[in-house]
Amino acid sequence: AQEARLSTNGRQVVAWQKAGDGVELSVVDASTGRRLWQRPFAKEARSMIIEDEEIAVFDGTGRFSILQIANGAARLEADLGKIEDLENIHVFRSTDRYVLLTAKPAAAAGRRVQMFNNFNKTMMVNGPAWGFHRETGKTLWAAQVEHQQIELNQPENLPVLFFSALRFKLQNGG
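Residue indices begin from 1 for each chain and proceed along its sequence in written order. With pLDDT at 70 or above as the cut-off, local features in this predicted model cover only qualifying residues; side-chain atom pairs require 80 or more to be listed or tallied, and sums for whole chains, interfaces and linings still use all residues. Calculation of side-chain values draws on the structure's entire complement of heavy atoms; hydrogens and water are dropped beforehand.

Asker: How should I be thinking about the pattern of salt bridges in this particular structure?
Answerer: Close approach of charged atoms allows side chains of opposite charge to pair. The salt bridge criterion pairs a side-chain nitrogen of Lys or Arg with a carboxyl oxygen of Asp or Glu, the two atoms within 4 Å. Scanning the entire structure with this criterion turns up nine salt bridges. A salt bridge links Glu24 to Arg35; the nearest nitrogen and oxygen atoms lie 3.1 Å apart. Of the two residues, Glu24 sits in strand β3 (residues 22–29) while Arg35 sits in strand β4 (residues 35–42), which places them 11 residues apart along the sequence. Any residue under 20% of the maximum accessible area for its type is buried, any over 50% is exposed, and the rest in between are partly exposed; the area is computed with a 1.4 Å probe on protein chains only. On the accessibility criterion, Glu24 (16% relative accessible area) is buried. The residue Arg75 makes a salt bridge to Glu135 at a minimum N-O spacing of 4.0 Å. One end of the pair, Arg75, is in strand β8 (residues 74–79); the other, Glu135, is in the loop between β12 (122–133) and β13 (139–151), and 60 residues separate them in sequence. Counting from the N terminus, the helices are the DSSP runs of H or I reaching at least four residues and the strands are the DSSP runs of E reaching at least two.

Structure follows, in C-alpha cells:
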C-alpha cells in the first residue's frame, strides 16, 4: 500500500495509508522513520489540515474528530451521524470555535448551481454544518446548507460566514 502525504510540519509527516477495509492516519518522524502515532478510520473518511497544528477527520460512520498533529490527542470528538456520499469537508477555526462544513453531490433535480469567482480558494457547500466550542467540544449549533459556495479565506473571528452561489432553475428539459 502506498502512503499519501497530507502535510509536513518540521520533521513530522502526516500521511494516509490504506489499512484493510479502511485508512490509517499517521504521523511519522521523517528523520528516523518512526511512527509517532496512528489512528484508523473508515475508507470514506474525509480530512483537512487546520493551520498545520490539527487535522479534522469526518469518517464514513459519522464520527468527527479534530486531532493534534504533534501527539494525536483529540481536541474534539463528536458523533454527527452518517452523511451519504460525503465528498469534502472544511473546518474554520477561530479563537473560541470550530465550524464544520460538508459537501455532498449537488443532486437537486432540475437545478444547476454555478460557482463564480473561481480565482480565489472556494468550496461548494451542500450538506450539514455544525459549530463547536473550541475548548469544550460542545455542539453550539447545526444547520443545513444547500447549494452554496464559500470563500475559504474568510475574515477571522467574525460571528458570520459569507456564502454565495447563483442558482438556475432549468425549464423544459434544458
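Asker: What is the right way to read a negative patch on the surface from this model?
Answerer: On the surface, Glu44, Glu84, Asp85 and Glu87 cluster together to form a negatively charged patch. Its place among the elements puts Glu44 in the loop between β4 and β5 (46–50). Patch definition: residues above 30% relative accessible area lacking any salt bridge, with like charges linked at up to 9 Å and the nonpolar side chains Val, Leu, Ile, Met, Phe, Trp and Tyr linked at up to 5 Å. Using the Shrake-Rupley algorithm and a 1.4 Å probe, accessible areas are obtained, with residue cover drawn only from the displayed protein chains. Residues counted as positive are Lys and Arg, residues counted as negative are Asp and Glu, and His and the chain ends are not counted. In this description, the location of a charge corresponds to atom NZ of lysine, CZ of arginine, CG of aspartate or CD of glutamate.

Asker: Explain the environment of Asp21 here, please?
Answerer: One can find Asp21 in the loop between β2 (12–19) and β3. Sequence-wise, Asp21 and Phe41 are 20 residues apart; in three dimensions their C-alpha atoms are separated by 9.2 Å.

Asker: How do you make sense of the side chain of Arg39 when you look at a structure like this?
Answerer: Residue placement: Arg39 occurs in strand β4. On the basis of relative accessible area, Arg39 is assigned to the buried category, the value being 16%. Here, residues are in contact when the closest pair of their heavy atoms is within 4.5 Å. Those residues in contact with Arg39, other than ones at most four positions away along the chain, are Val23, Glu24, Leu25, Ser65, Leu67, Gly72, Ala74 and Glu77.

Asker: Please explain the nonpolar core as it appears in this structure.
Answerer: General note: in soluble globular proteins, nonpolar side chains tend to be found buried as a group. In this description, a nonpolar core means a group of buried Ala, Val, Leu, Ile, Met, Phe, Trp, Tyr and Cys residues linked to one another through side-chain atoms lying within 4.5 Å. If you look at the biggest cluster of nonpolar residues, it comprises 17 residues, and the most contacted ones within it are Phe58, Phe64, Val91, Leu100 and Phe132. When residues of this core are traced back to their parent elements, those giving at least two are β5, β6 (54–58), β7 (63–68), β8, β9 (88–93), β10 (97–103) and β12. Once you skip the residues sitting within four places of it in the chain, Phe132 turns out to touch Phe64, Leu76, Ala78, Leu80, Asp96, Arg97, Tyr98, Leu100, Gly137, Lys138, Thr139 and Leu140. Counting residues in each nonpolar core, the second largest holds 12 residues, with Val27, Trp37, Val57 and Ile69 among its members.

Asker: Is there a simple way to think about the environment of Leu100 in this case?
Answerer: For Leu100, the location among the structural elements is in strand β10. For Leu100, a relative accessible area of 0% puts it in the buried group. When the C-alpha positions of Leu100 and Trp130 are compared, they lie 5.2 Å apart, and in sequence the two are 30 residues distant. Setting aside its immediate chain neighbours within four residues, Leu100 contacts Phe58, Phe64, Leu80, Ile89, His90, Val91, Pro128, Ala129, Trp130 and Phe132.

Asker: Explain the environment of Ser31 to me, please; I cannot follow it from the model alone.
Answerer: Along the chain, the position of Ser31 falls in the loop between β3 and β4. In this structure the C-alpha to C-alpha distance between Ser31 and Arg11, which are 20 residues apart in sequence, comes to 6.4 Å. In this structure the side chain of Ser31 is engaged in a polar contact, spanning 3.4 Å, whose partner is the side chain of Arg11. At 2.6 Å, the side chain of Ser31 and the side chain of Asp29 are in polar contact. Throughout this description, a polar contact denotes any pair of N or O atoms lying within 3.5 Å of each other; where both atoms belong to protein, one of them has to be capable of donating a hydrogen while the other can accept it, and for residues adjacent in sequence the pair is counted only when both atoms sit in side chains.

Asker: Explain the layout of surface pockets to me, please; I cannot follow it from the model alone.
Answerer: Rolled over the atoms, a probe sized like a water molecule indicates the empty space that remains. In this structure, the largest pocket spans a volume of roughly 570 Å³. The method works on a 1 Å grid over the protein atoms by themselves. A cavity is a set of points holding a 1.4 Å probe that cannot get out, a pocket is an open set with protein on both sides within 12 Å along at least five of seven lines, and residues with an atom within 4 Å of a point line them. Looking at the largest pocket, it is lined by 25 residues, and the ones nearest its centre are Phe92, Arg93, Ser94, Pro155 and Leu161. When contributions to the lining of the largest pocket are tallied by element, the ones reaching two or more residues are β5, β9 and β10. Sort the elements by how many residues they give to the lining of the largest pocket and β9 lands first, with four residues. Grid points are joined across faces, edges and corners, and a volume is the space filled by probe spheres set on the points.

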